[in-house]
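Architecture at a glance
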Amino acid sequence: MTQTLDLIPYPVQVELTEGTGLAVPENESLPCEESLTQDLGLPEHGYRLLVNASGAQLQSPDATGLFHGQQTLRQLVNQARRGDGTVPALEITDYPRFPWRGAHLDVCRHFFSLETVKAFIDRMALHKLNVFHWHLTEDQGWRLEIKKYPKLTEIGAWRKGADGQPYGGFYTQDQAREVVAYAAERHITVIPEIEIPGHAVATLAAYPELGCTGKPIEVETTWGIFDDVYCPGKESVFRFFEDVLSEVLEIFPSTYIHIGGDECPKTRWKTCPKCQDRIKTEGLADEEALQSYTIHRVEQFLLEHHRKLIGWDEILEGGLAPQATVMSWRGTEGGIAAASAGHDVIMTPNSHCYLDHKQIDDPAETICRPEDVCTLQHCYTYEPVPDDLQSDQAKHVLGSQANVWTEYIRNPEELDYALFPRLSALSEIFWSEKPDGSRDFNNFLQRLQGHCQLLTAENISYCAKDLNL
């Protein structure tokens with residue numbers, strides 16, 4: 001039997017069986033029998049879906065697997081309602097390739113409402129993504145309430161807008177807990193990112209004494225890399241890190257806490273007496289080693305609280321913290337180096353996984369980053385496990401992640417436009433086993449035709465240019 005099923009990500013195994021399919025009620029949900037079954041021989045979070053004229057049955061060894069199966073059934077029902085009203089008789093066996101299937105949202109360059117954050121999580125759930133990386137602090141805004149340091153949100157959450165009026169916002173701790181609970185209901189873990197030691201201008205606008213110069217500065221209004229960063233020569237800075245992270249740990253139960261670690265200029269450190277004293281006292285080689293020292297201390301604090309540190313691949317510079325996980329974004333080299341040394345890695349190279357890059361090479365495209373292009377087909381050719389890694393090293397690749405930065409994205413509709421349909425493509429790369437040959441982009445495009453109708457039904461905007469969608 002042959003029939004195209006508009007399923008994204010596509011399951012590991014689909015078998016269309018003999019017999020009549022299941023008629024879908026027009027305005028009601030499809031009845032489905034669920035039971036947790038331990039002896040299915042499935043990996044964690046896998047599921048088996050059986051459909052025939054008698055009904056639908058969903059089996060899994062765990063609740064997360066049942067949830068994934070529900071998303072598959074949801075897509076089948078949508079396709080049936082667009083067609084003859086029947087889900088074909090079938091048997092699907094499915095499970096994820098990677099334990100980390102992430103999506104990152106920057107709410108600092110542009111602030112998004114609680115409702116938009118929840119909608120982002122809903123879009124993840126539909127595509128069987130399971131890690132929400134929430135980027136909460138930056139030079140252009142601090143977005144999380146910290147009770148011990150109220151000026152972080154009184155001052156650091158606001159900057160001068162293009163019209164001269166204050167622009168920004170923040171999430172209260174109760175709102176952040178609401179997001180954590182909302183995501184958990186959809187079997188998604190929220191990983192907060194608190195930038196250390198760079199991208200700290202919003203913090204220093206609120207508490208200038210945490211910088212090297214101590215001079216007053218303002219929250220940044222433009223994008224870039226700035227010299228004013230935390231001063232690791234001051235013990236008060238490490239007390240600040242621990243105070244902030246203590247409150248963060250109370251809100252977010254995730255095993256991992258992301259501390260950034262990227263794009264930290266050493267300009268101020270080179271002329272700061274306290275930083276130079278720290279380098280001398282600790283016997284450090286240079287300012288790169290001073291950054292490594294800072295990351296090591298933060299990791300030790302997290303380990304003492306039974307959490308794990310994760311950072312962008314710059315945390316490799318000066319020496320990697322002993323148990324740190326690396327998020328490789330500047331290509332794959334950082335991830336390869338970390339995995340080769342026995343560290344876990346998340347592969348998220350900007351060449352394939354940065355969805356703030358333009359989807360098409362069109363000068364008129366203004367929503368995404370103007371100088372970079374990452375097409376749908378380019379995303380779909382991505383393979384998270386580099387060929388350079390041996391099998392014992394490849395096991396350290398926990399998975400992959402799509403990232404969206406919001407320098408040029410100003411509202412929820414533009415956010416969706418940047419994400420889709422590329423996030424749909426990456427979700428399949430993250431979920432599905434690597435085929436023996438190359439992935440069939442034409443087959444994906446065929447399924448995407450129907451999938452985009454589901455996106456439309458869910459009020460999700462997407463880029464349809466040059467896709468014949």
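Preceding this paragraph is the structure being described.
Described in the following lines is the structure provided in the data block. (Residues numbered from 1 in each chain as written. Predicted model: local features only at pLDDT ≥ 70, side-chain atom pairs only at ≥ 80, totals over all residues. Heavy atoms only, no water.)

**Focus on the sheet that holds strand β8 (residues 100–106)**
- Pairing is parallel around the closed barrel formed by eight strands, whose spatial order is β8-β9-β14-β15-β16-β17-β18-β21. Direction aside, neighbouring strands of the sheet carry axes that sit 30° apart on average.
- Two strands pair when backbone bridges link them, and strand β9 (residues 131–135) and strand β14 (residues 189–196) are joined in this way by five bridges, in the parallel orientation. Bridge pairing in β14 links Val 131 to Thr 189.
- Each of β8, β9 and β21 (397–404) is contacted by helix α2 (residues 114–126), which is oriented at about 150° to β9, the strand it contacts most.
- Packed on one face of the sheet, helix α10 (residues 333–340) meets β17 (325–328) and β18 (345–347) and runs near 155° to β17. (Pairing = 2+ DSSP bridges. Helix = DSSP H or I, 4+ residues; strand = E, 2+ residues; numbered from the N terminus. Axes fitted to C-alpha atoms, helices over the stretch in contact; angles between N-to-C directions. Contact = heavy atoms within 4.5 Å.)

**Concerning helix α4 (residues 173–185)**
- Over its 13 residues, α4 extends 19 Å from the first C-alpha to the last, a length consistent with the 18 Å expected when each residue adds 1.5 Å.
- Where α4 is concerned, the buried positions are Gln 173, Ala 176, Val 179, Val 180, Tyr 182 and Ala 183.
- Tucked inside the fold, the buried residues of α4 contact α2, β9, β14 and α6 (235–251).
- Backbone geometry just downstream of α4 places His 187 in the positive-phi region, at approximately 60°. (Expected span 1.5 Å × (residues − 1). Buried < 20%, exposed > 50% of the residue type's maximum accessible area, 1.4 Å probe, protein only.)

**Concerning the sheet that holds strand β4 (residues 47–52)**
- Pairing in this open sheet of five strands is mixed, and the strands run β1-β7-β4-β5-β3 from one edge to the other. The open sheet has two edge strands with one neighbour each: β1 (13–16) and β3 (32–36). Shown here is a sheet whose adjacent strand axes are inclined to one another by a mean of 10°, direction ignored.
- As paired strands, β1 and strand β7 (residues 90–94) are joined by four bridges and run antiparallel to one another. Across the sheet, Leu 16 pairs through a bridge with Leu 90, a residue of β7.

**As for helix α9 (residues 287–304)**
- Taking 1.5 Å as the rise per residue, α9 with 18 residues should run 26 Å; its terminal C-alpha atoms sit 26 Å apart, in good agreement.
- The elements touched by buried residues of α9 are β14, α6, β15 (256–260), α7 (267–271), α8 (273–281) and β16 (308–312).
- In this structure Asp 286 caps α9, since a side-chain oxygen of it lies 3.2 Å from the backbone nitrogen of Glu 288.
- Trailing α9 by a residue or two, His 306 shows a phi angle of about 60°, which is positive. (Polar contact = N/O pair within 3.5 Å; in protein donor to acceptor, adjacent residues only side chain to side chain.)

**A short note on unusual backbone geometry**
- Between Ile 8 and Pro 9 the backbone carries a cis peptide bond, its omega angle lying at -5°.
- You can see Pro 9 is positioned in the segment before β1.
- Residues Ile 196 and Pro 197 are joined by a peptide bond in cis, for which omega reads -5°.
- By secondary structure assignment, the location of Pro 197 is in the loop between β14 and α5 (201–206).
- In this structure, His 306 is a non-glycine residue whose phi angle is positive, near 60°.
- Examined against the element boundaries, His 306 turns out to sit in the loop between α9 and β16.
- Despite not being glycine, Asn 459 has its phi angle at roughly 60°, a positive value.
- Position of Asn 459 relative to the elements: it lies in the segment after α16 (441–457).
- For Asn 459, a relative accessible area of 66% translates into the label exposed.

**Some words on the pattern of salt bridges**
- Evaluation of the coordinates by the stated rule reveals 25 salt bridges.
- Here Asp 106 makes a salt bridge to Arg 109, at a shortest N to O gap of 3.1 Å.
- Overall, the relative accessible area of 5% leaves Arg 109 in the buried class.
- Across the pair Lys 148 and Asp 243 runs a salt bridge, and its minimum N-O distance is 3.3 Å. Placement of the pair is Lys 148 in the loop between β11 (141–142) and α3 (151–154) and Asp 243 in helix α6, with a sequence separation of 95 residues.
- The class of Lys 148 is exposed, set by a relative accessible area of 53%. (Salt bridge = Lys/Arg side-chain N within 4 Å of Asp/Glu carboxyl O.)

**Looking at the layout of surface pockets**
- Volume-wise, the largest pocket comes out at about 390 Å³.
- Contributing to the lining of the largest pocket are 19 residues, with His 45, Pro 99, Trp 100, Asn 130 and Val 131 lying nearest its centre.
- Looking at the lining of the largest pocket residue by residue, the classes come out as 10 nonpolar, six polar and three charged.
- Reported here for the second largest pocket is a volume of approximately 310 Å³.
- The wall of the second largest pocket is formed by 18 residues, among which Arg 109, Glu 263, Trp 329, Arg 369 and Glu 407 lie closest to the centre. (1 Å grid on protein atoms, 1.4 Å probe; cavity = no way out; pocket = protein on both sides within 12 Å on 5 of 7 lines; lining within 4 Å. Points joined across faces, edges and corners; volume = space filled by probe spheres on them. Nonpolar A, V, L, I, M, F, W, Y, C, P; charged D, E, K, R; others polar.)

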